[in-house]
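A closer look at the structure
Given next are the chains, with one letter for each unit.
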Amino acid sequence: MLPHESTLVLEPVNEQDEPALPVRGMRNFYPQTKDRLNKLHVLGLQRLNRNSADFLEKAKDSNDWLDSVQLGKSAHYSYGHGYNDYWNKYGETHPEYFALQPDGTRDQGKIGGPRADRARLDVTNDGLIETVAANAIARFKENPDLASVSISPNDGGPQGFDMSEASRRLDPPNAPKITANFGKGHSHDEYVSLSDRYVTFYARVARIVGKQFPDKLLGAYAYSAYRTPPLYAKLPSNVLVGFVGLNYFNEKQRQTDLESWDGWTRAASHLLLRPNVLIGGHGFPAVYTHKLGADIKHCYQTGMMATDFDSIMHNWAGNGLNYYVLAKLLWDPSQNVDDIVKDYCNKGFGKASPAVQKYFAALEDLTNEVANDPGDSEHEEEALTNSSFYTLLSVLSRHYTDAKLDHLQSLLDDAKTQAAGDATVLKRIDFLEQGIRYAKAEVVPVRLFIQMRIDPKASTAENKAKLLASLENRQKVFQDIFDNHFYAQDVLYPLYRETSMWREYGWNPGKEK
């Protein structure tokens, strides 16, 4: 969104500026090339009955905005999941490197299989620690310009965390309680946080590597079953911790994550903020700019040296303001959020700025209302099988009511009145409306699904027919948004996430168009 000026005046200027953070990362969910297509895109396109060639053509410029707001890096830190090839490389020769499973084996699945990149490790194994350190040293020798090498565990898969005696000795019994996957038959067992175990592993590897490369960093996640700060284990100064946390649709979780962040500031010398917050909310329009501003400032003041936000989902109609404010804050965390929002509305919506500001304020109130929802009742939690995704959908369907969505639309109608005669601004307001349009189409089948899941008596033939009709209507809306308002709202990710929800009701659209 670029403002139009009738006159451009350039005055002499001599000014220098640099960002507060050397790494200001926000990922792009859309691919620019075919090799960047992943299963989320492909399955979403299949459900939408659209093809990947059209998608790639539409998405080819999706990185332009990230470049225009000067996101980027003057340093490169590696901290992602670091053992994707270990099972294929060492599974046969060193099975002792891998997590002990409930059946007494250390089997991580078929070598070369589709889930081999999710193998769990036994992080207490001396041989594994020496191998990880040797591999890191070799990479630094091969590429002296590397700032860091990742030693972070793989992302979750079907295999469970190691529960050997050696590993359990490192887990303090007074550590925070968690629920995690400990293998077949124990996929949702309650146990204590594994952070002390993993920090001990990070530290042992780091000390070996540090003897040869004292000025290099090793990247390691605080994530999953090892997200809470350790109680006793300590990290040497050559470890960069990427903290995965923050949630703007669950205030209780946000506060817990901020407490965990503060705990990690006492455990680690270098911290990177690596949230998934931009994926949250299932595409519903939302504004959380003030919380975002407070959290970025707090993390910066307590040692944040880099960020990696996952991801710009291209829900620009309903979440674009969050993207914009975040980009501004990553350059300068001291900026005032209200000033950024006002400037955005004034330059983008001109005479309609007052109404658009009211719209964003009302949407922020609604987002906070969702975040403050205490959650489902005990009966509902049981019916939702403890699925955090279904619980989120339940909360969203309770708060994104017809009345509230109609009120948001009325504020945009007021903006149209204020913008009368300005075709450019009216077009931008129409763009914002696509977020409400998505929410109205999405919330109807979701609400019916949750209702029938919670109360079996509601699973009547009439309600099932209503559900199928609402899904057909939603499909038409989603296809129109994809075809004619592409950057207003992503519809592929919701379609991918909901794949299994609708099958039992007979709705399973086909392949790519």
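As a convention, each chain's residues are numbered from 1 in the sequence order in which they are written. Only residues with pLDDT of at least 70 are given local features in this predicted model, and only at 80 or more are side-chain atom pairs given and counted; all residues enter the totals for whole chains, interfaces and linings. Values shown for side chains rest on all heavy atoms present in the structure; no hydrogens or waters enter the calculation.

**Topic: empty space enclosed by the protein**
Points on a 1 Å grid over protein atoms alone make up a cavity when a 1.4 Å probe fits among them but cannot get out, and a pocket when they form an open set with protein on both sides within 12 Å along at least five of seven lines; lining residues each have an atom within 4 Å of a point. Grid points are joined across faces, edges and corners, and a volume is the space filled by probe spheres set on the points. Enumeration according to the criterion identifies five cavities of 30 Å³ or more in this entry. By volume, the largest cavity is sized at about 80 Å³. Every residue along the wall of the largest cavity is listed here: Y83, A119, R120, L121, V123, P153, N154, F161, Y198 and F201. Classification convention: Asp, Glu, Lys, Arg as charged; Ala, Val, Leu, Ile, Met, Phe, Trp, Tyr, Cys, Pro as nonpolar; all other residues, Gly among them, as polar. The residue makeup of the lining of the largest cavity, split by class, is eight nonpolar, one polar and one charged. Quantified by volume, the second largest cavity comes out at close to 50 Å³. Lining the second largest cavity, in full, are R47, R474, L495, E498, T499, W502, W507, N508 and P509. The residue makeup of the lining of the second largest cavity, split by class, is four nonpolar, two polar and three charged.

**Examining the packing of helix α5 (residues 126-142) against helix α7 (residues 195-212)**
In contact at an axis separation of 9 Å, α5 and α7 are set at 40° when each is read in the N-to-C sense. Considering their axes alone, α5 and α7 lie oblique with respect to each other. Of the two possible hands of crossing, α5 and α7 adopt the one that is right-handed. In this structure, α5 uses D126, L128, I129, V132, A133, A136, I137, F140 and K141 to contact α7, whose residues at the interface are F201, R204, V205, I208, V209 and Q212. Residue composition of the contact of α5 with α7, grouped by class: eleven nonpolar, one polar and three charged. Axis lines are fitted to C-alpha atoms, over the contacting stretch for helices. Their N-to-C directions set the angle, which ranges from 0 to 180 degrees. To qualify as a helix, a DSSP run of H or I must reach at least 4 residues; to qualify as a strand, a run of E must reach at least 2; elements of each kind are numbered from the N terminus. Geometric relationships in this document are graded by angle, where less than 35 degrees denotes roughly parallel, more than 145 denotes roughly antiparallel, 65 to 115 denotes roughly perpendicular, and other angles denote oblique. Crossing handedness follows the turn of the near helix against the far one: under a right angle anticlockwise gives a left-handed crossing, and clockwise gives a right-handed one. Contacts between residues were defined by any pair of non-hydrogen atoms, one from each residue, lying within 4.5 Å.

**Observations regarding the pattern of salt bridges**
Salt bridge, as used here, is a side-chain nitrogen of Lys or Arg placed within 4 Å of a carboxyl oxygen of Asp or Glu. Applying the stated criterion across every chain, the model contains 24 salt bridges. Two residues, E369 and K404, come together in a salt bridge whose shortest N-O distance is 2.2 Å. With E369 in helix α12 (residues 353-371) and K404 in helix α15 (residues 402-418), the pair connects residues that are 35 residues apart, well separated along the chain. Here's how the labels work: a residue is buried when its accessible area is under 20% of the maximum for its type, exposed when over 50%, partly exposed in between, all with a 1.4 Å probe on protein chains only. A relative accessible area of 29% places E369 in the partly exposed class. Where E442 meets R474, a salt bridge forms, and the shortest distance between an N and an O atom there is 2.8 Å. You can see E442 sitting in helix α16 (residues 423-454) and its partner R474 sitting in helix α17 (residues 461-484), a full 32 residues away along the chain. Assigned by exposure class, E442 and R474 land together as buried. Three or more residues joined by partner-sharing salt bridges are found here, namely R27, R274, D308 and D310.

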